[in-house]
Amino acid sequence: MAAFTERMVPVLVLWLAVCLSGSWAVDRGNFKTCDQSAFCKRQRALKPGQSPYRALLETMELTNTRLTLQLINDNNKVRLLLELYRLQGNMTRVKINELKPLKPRYEVPDVLIQEPPTEPLSLLSQDENGVVLSLGAESQRVIVSARPFRLDIMEGREVLMSLNSRGLLAFEHLRTRKDTFSYKVTSTVASVWDNIKWVFSSSQADPETEKKEEADPANQAEEAVKEEEDKVEDGMWEETFKSHTDSKPNGPSSISLDFSLPGVEHVYGIPEHADALKLKTTDGGDPYRLYNLDVFQYELHNPMALYGAVPVMLAHNAQRTTGIFWLNAAETWVDISSNTAGKTVFGKMLDYVQGSSETPQTDVRWVSESGIIDVFIMLGPTPQDVFSQYASLTGTQAFPPLAALAYHQCRWNYNDQEDVQTVDAGFDQHDIPYDFIWLDIEHTDGKRYFTWDPHKFATPKDMLQGIMDKRRKMVAIVDPHIKVDSNYKIHNEIRSRSFYIKNKDGGDYEGWCWPGNAGYPDFTSPEMRTWWASMFAYDQYEGSMENLYTWNDMNEPSVFNGPEVTMHKDAVHGAWEHRDVHNLYGFYVQMATAEGLVQRSGGVERPFVLTRAFFAGSQRYGAVWTGDNAAEWEHLKISIPMCLSLSLVGISLCGADVGGFFKTPSSELLVRWYQTGAYQPFFRAHAHLDTPRREPWLFGPENTALIREAVRQRYALLPYWYQLFYHAYRTGHPVMRPLWVEYPQDLATFAMDDQFLLGRDLLVHPVTEEGARGITAYLPGKGEVWFDVHTFQKHNGAQNLYVPVTMSSIPVFQRGGSIIPRKVRVRRSSTCMEHDPYTLYVALSPQRAAEGELYIDDGHTFNFDKKREFLHRRLSFTNNILSSSNLAPGSQFSSQSWIERILILGASKPSKVTLKTADGQESQLEFEFDASMSVLTLRKPGMNVGADWTVVLQ
């Protein structure tokens, strides 16, 4: 019987999962709208107008590092405490909390990499209407208006941003529940006793005293608070959605604040949503929702929540870029409205002709279910400044091992060791490189993570060794739901240490997921995370080796039988409810896993961990993918804005399942997806259990050749990808960029999301239309030139270029003025190419100049950071001289690689070419010149990549 039950559990779970998925389509009924979320509905019922809050200027305290000031709500007399900080790097922090909360309110830990350093605030002026403070640089100041309370951040005479200008600051204070039976009994007894006291004392009462008591502000405040707290609306103290009831022991606790952005029409960010790059206005529909959820085959072009949440928004116009980081991990909704929304181009022209003076403005309102208001205002002014500012708060993208930037082959599931071996051999047989092969949940012993199926994966080390012999790696899934089974070591350890999340009654919280009944470790606990990390040690995780890496799925957390397929909000993490920490759960799972991979190598090796759920700061721990997409052309298209949105908020290592997870792609769609994925940061093919096999060679020799070529283009460009990720790690600047990041004054780029830049120097416009015969690429930059990387044809910037395409076309252009290194000898894996030579592609600007870089280290350890073991070269072409010089004199690293070829695009024919090395040696170089394309090729110059040298064209 036990064996039968064991066999039936996966069947039941799969059935439940399919029911939730609505058989290949999202069931919207499983997920709340704002109207079905009580706090969102309450907050949205508040309309813009006069704010009830005023600043009590007499309570102001100004120290060298911060201003504090009490705010009072004139409707209920509840006081809040405002804290204002000027931060280093042109940022302002605003915190608002209850002055005297009934109990502490949650403040998000661990996301900021440090307590942000402050700079002095100084008082410029003060009167009964408000105060003006200097923000230091460039006549920036903040104006605090008292009645009603409002904050304006200004530069000169220009308002950069206003807070509470629409009066939507709302702070539901914590209170005692007053509609319960015990409260009514207590209050009735108290009321009877008060009446008795009144009867005995009224005969001696002084009428004057009575009048004074009635007029006493303290009494009035108490009455106002009592009146508000006596109001009980639906959903304040209990809320039911479908069959699930949320007990809400702390009652209503939501917060809201509005921000106005004058002069702004374009806002971006707040991933994750399957929507365009430019965020839409939400008038007349639902707000954008940030609440990590397991959404089977999500719909496109709507504001529904998905797997991750980064509460960061960027605003951009031709003059300035700014950012808002709303540090809150509870369920959050974001409303966006604009005074230009819905106006046609003709309507805007009419305004202009008629001299309409209305400045464009975007208004944003953030609403969260609990916690405090803690917001960082990043004042730019450039896009790069905003990236640096945000990185200074939450850290930069983890620098991945080089192999993680290569191609990954995945499926739910490779059946057994023999299947893995066959697929591995298939890549060699068809001459397609790959670096990682992946195993999904079926590799485990009955969905018990950290184990292997004893029949299908009986000798995992043999399998891993076989892959290692070919210098390849594997990723195995480790999900954070733990099978409740007394014969399972991991479960027993977690239970004995009391590391599981608790339910509202104090028992271990349990829900259904892939193993059947499962417990959920409390990753918000540092002790739990330390223990989890220790489980990745080679002597704990049996069968693991140094070429086994990890994938955290289902970490929203996914609970098949929970409300909205996730955890009950009244579950308990130590002193806090799940509602306070929900969006942090996946962040902590990936953090603990990455730490485990670092520790198992004694702190030497860089980890690689993929996560589905994420939050602000997740970039520090690895990669993210866009979840359970589908084999449809629209899903291919949406992968570009989805990854661009993530890139803008710090998460550069992003990708989508190549081919689509659900459904079956046509061969044309699959080829186009490989061609697109080859130019996106995380490049992995993945497919659902129920789809036909789709290894790259199963679609006929023509399609195999097209896929092979796309993958090989990725491998040739790995030196450039690696260099971009090094810069992302050092600076926080994104790898994959919308065009407006590099061309911030070019209005044509502001809403563009069907093409993108990699770094500054490569522009990619993938083919994402079925049956396409051509695409129109926008080449930005007046006075610039762009070179087609395949044909070397030169095109002028600031134009829409029609490019005819065939099935082999991947439109990619290199910016004139750049130098890009490639390795054109593609082998079976990136590690096999370690010592191979480089080819430099020098694309000349109209001024006949170019510059670039070359970054090299060992590709997998922290030695680049801890021991400064790396090469970082500056490559420069000017005055007909190409040179390589050291960008990091304090570093040390030697490479066997050399320069085997140099192509100069847009060149003139020289009479001779001379190589000069650092030791003074000179030699003539062979060259070829293609006059039709103006391409000069220098063959076998032969210098070591780490050396100083110059090449002179005469």
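Cut-offs and rules
Residues numbered from 1 in each chain as written. Predicted model: local features only at pLDDT ≥ 70, side-chain atom pairs only at ≥ 80, totals over all residues. Heavy atoms only, no water. Helix = DSSP H or I, 4+ residues; strand = E, 2+ residues; numbered from the N terminus. Rg over C-alpha atoms; globule rule 2.2 N^0.38 Å. Buried < 20%, exposed > 50% of the residue type's maximum accessible area, 1.4 Å probe, protein only. Contact = heavy atoms within 4.5 Å. Areas by Shrake-Rupley, 256 points an atom, 1.4 Å probe, with all protein chains shown as cover. Lys, Arg positive; Asp, Glu negative; His and termini not counted. Charge placed at Lys NZ, Arg CZ, Asp CG, Glu CD. Pairing = 2+ DSSP bridges. Axes fitted to C-alpha atoms, helices over the stretch in contact; angles between N-to-C directions. Expected span 1.5 Å × (residues − 1). Salt bridge = Lys/Arg side-chain N within 4 Å of Asp/Glu carboxyl O. Core = buried A, V, L, I, M, F, W, Y, C linked by side-chain atoms within 4.5 Å. Disulfide = S-S within 2.5 Å. Parallel < 35°, antiparallel > 145°, perpendicular 65-115°, else oblique. Nonpolar A, V, L, I, M, F, W, Y, C, P; charged D, E, K, R; others polar.

**Student:** What exactly am I supposed to notice about the overall build of the chain here?
**Tutor:** For the chain, the count of helices and strands is 19 helices and 52 strands. In terms of overall size, the chain behaves like a compact globule, its C-alpha atoms giving a radius of gyration of 30 Å where 954 residues would be expected to give roughly 30 Å. In terms of overall dimensions, the chain has C-alpha extents of about 115 × 80 × 55 Å along its principal axes. In the chain, which comprises 954 residues, the proportion classed as buried is 60%. Taking all contacts inside the chain whose residues are at least 6 apart in sequence as the whole, residues at least 24 apart take part in 72%. In the structure as shown, the chain presents an accessible area of about 36600 Å², 51% of it carried by carbon and sulfur atoms. Here the chain contributes 95 positively and 119 negatively charged side chains, and the mean placements of these two sets differ by 4 Å.

**Student:** What exactly am I supposed to notice about the sheet that holds strand 50 (residues 927-930) here?
**Tutor:** Paired through backbone hydrogen bonds, the strands of a sheet run either parallel or antiparallel to each other. Ordered by their spatial adjacency, 11 strands build an open sheet running 49-48-52-46-45-44-42-43-47-51-50, and the pairing between neighbours is mixed. Here the strands that pair on one side only, and so sit at the sheet edges, are strand 49 (922-924) and strand 50. Between one strand axis and the next, the sheet turns through 20° on average, direction left out of account. Pairing analysis gives five bridges linking strand 42 (residues 818-822) to strand 43 (residues 838-843), with the strands arranged antiparallel. For P821, the partnering residue across the bridge sits in strand 43 and is L840. Contacts from helix 17 (residues 718-731) reach strand 42, strand 43, strand 44 (850-856) and strand 45 (871-878), with the element oriented near 85° to strand 44.

**Student:** Help me out: how do you make sense of the sheet that holds strand 41 (residues 812-815) in this one?
**Tutor:** Ordered by their spatial adjacency, six strands build an open sheet running 34-35-36-41-38-39, and the pairing between neighbours is antiparallel. Each edge of the sheet is formed by a strand with only one pairing partner; in this case those strands are strand 34 (736-737) and strand 39 (794-796). Of the pairings in the sheet, the one linking strand 38 (residues 785-788) to strand 39 comprises three bridges and is antiparallel in character. Note on strand 39: the bridge partner recorded for V785 is N796.

**Student:** Got a minute to help me understand helix 8 (residues 417-429) in this structure?
**Tutor:** An α-helical turn contains 3.6 residues, so any two residues separated by three or four positions project in the same direction. Here helix 8 is 13 residues long and its end C-alpha atoms lie 18 Å apart, about the 18 Å a rise of 1.5 Å per residue gives. Restricting attention to buried positions, one finds in helix 8 the residues Q417, D419, V420, V423, D424, G426 and F427. Looking at the packing, one finds that the buried side of helix 8 touches strand 21 (407-409), strand 22 (436-439), helix 9 (460-469) and strand 23 (473-477). Within two residues after helix 8, D431 carries a phi angle of roughly 55°, on the positive side.

**Student:** Help me understand the pattern of salt bridges in this model?
**Tutor:** Pairing between side chains becomes possible if they bear opposite charge and their charged atoms approach one another. Here the structure, examined in full by the defined rule, presents 61 salt bridges. One salt bridge in this structure joins R105 and E98, with 2.7 Å as the shortest N-O distance. There is no split in this pair, since R105 and E98 are both buried. The salt bridge involving R606 is made with D857; its shortest N-O contact spans 3.3 Å.

**Student:** What exactly am I supposed to notice about the nonpolar core here?
**Tutor:** Side chains of nonpolar character tend, in soluble globular proteins, to be buried together. Counting 176 residues, the largest nonpolar core has F325, W532, Y674 and L758 as the members making the most contacts within it. Among the nonpolar cores identified, the runner-up in size contains 50 residues, and I96, L257, W326 and I336 belong to it.

**Student:** Would you mind going over the state of the cysteines with me for this structure?
**Tutor:** The bond known as a disulfide is covalent and runs between the sulfur atoms of two cysteines. Summed over the entire model, instances satisfying the criterion amount to two disulfides. In the chain, the bonded cysteines, numbered by position in the sequence, are linked as 1-2, 3-4. Here C410 stays free of any disulfide, with the sulfur of C654 as its closest cysteine sulfur at 16 Å. The buried category is assigned to C410, whose relative accessible area is 3%.

**Student:** What am I meant to see in the packing of helix 15 (residues 667-677) against helix 16 (residues 701-716) here?
**Tutor:** Each pair of packed helices gets described by two things: the angle between the helix axes and the distance between those axes. Across the interface, helix 15 lies against helix 16 with an axial gap of 8 Å and an inter-helix angle of 10°. In terms of axis orientation, helix 15 runs roughly parallel to helix 16. Residues S667, L670, V671, Y674, Q675 and G677 of helix 15 touch helix 16, and the partners they reach there are N703, L706, I707, A710, V711 and R714. For the contact of helix 15 with helix 16, the per-class residue count stands at seven nonpolar, four polar and one charged.

**Student:** I'm lost on unusual backbone geometry in this one. Help?
**Tutor:** Phi is mostly negative for residues that are not glycine, and the peptide bonds are mostly trans. In this structure, N413 follows W412 across a cis peptide bond, with omega equal to 10°. The omega angle of the peptide bond from E556 to P557 is 5°, so this bond is cis rather than trans. Within the secondary structure layout, P557 lies in the loop between strand 27 (548-552) and strand 28 (572-573). If you check the backbone angles, Q297 has positive phi at about 35° while not being a glycine. Locating Q297 in the fold gives a position in the loop between strand 15 (288-290) and strand 16 (312-316). Of the residues examined, Q297 reaches a relative accessible area of 7% and is grouped as buried.

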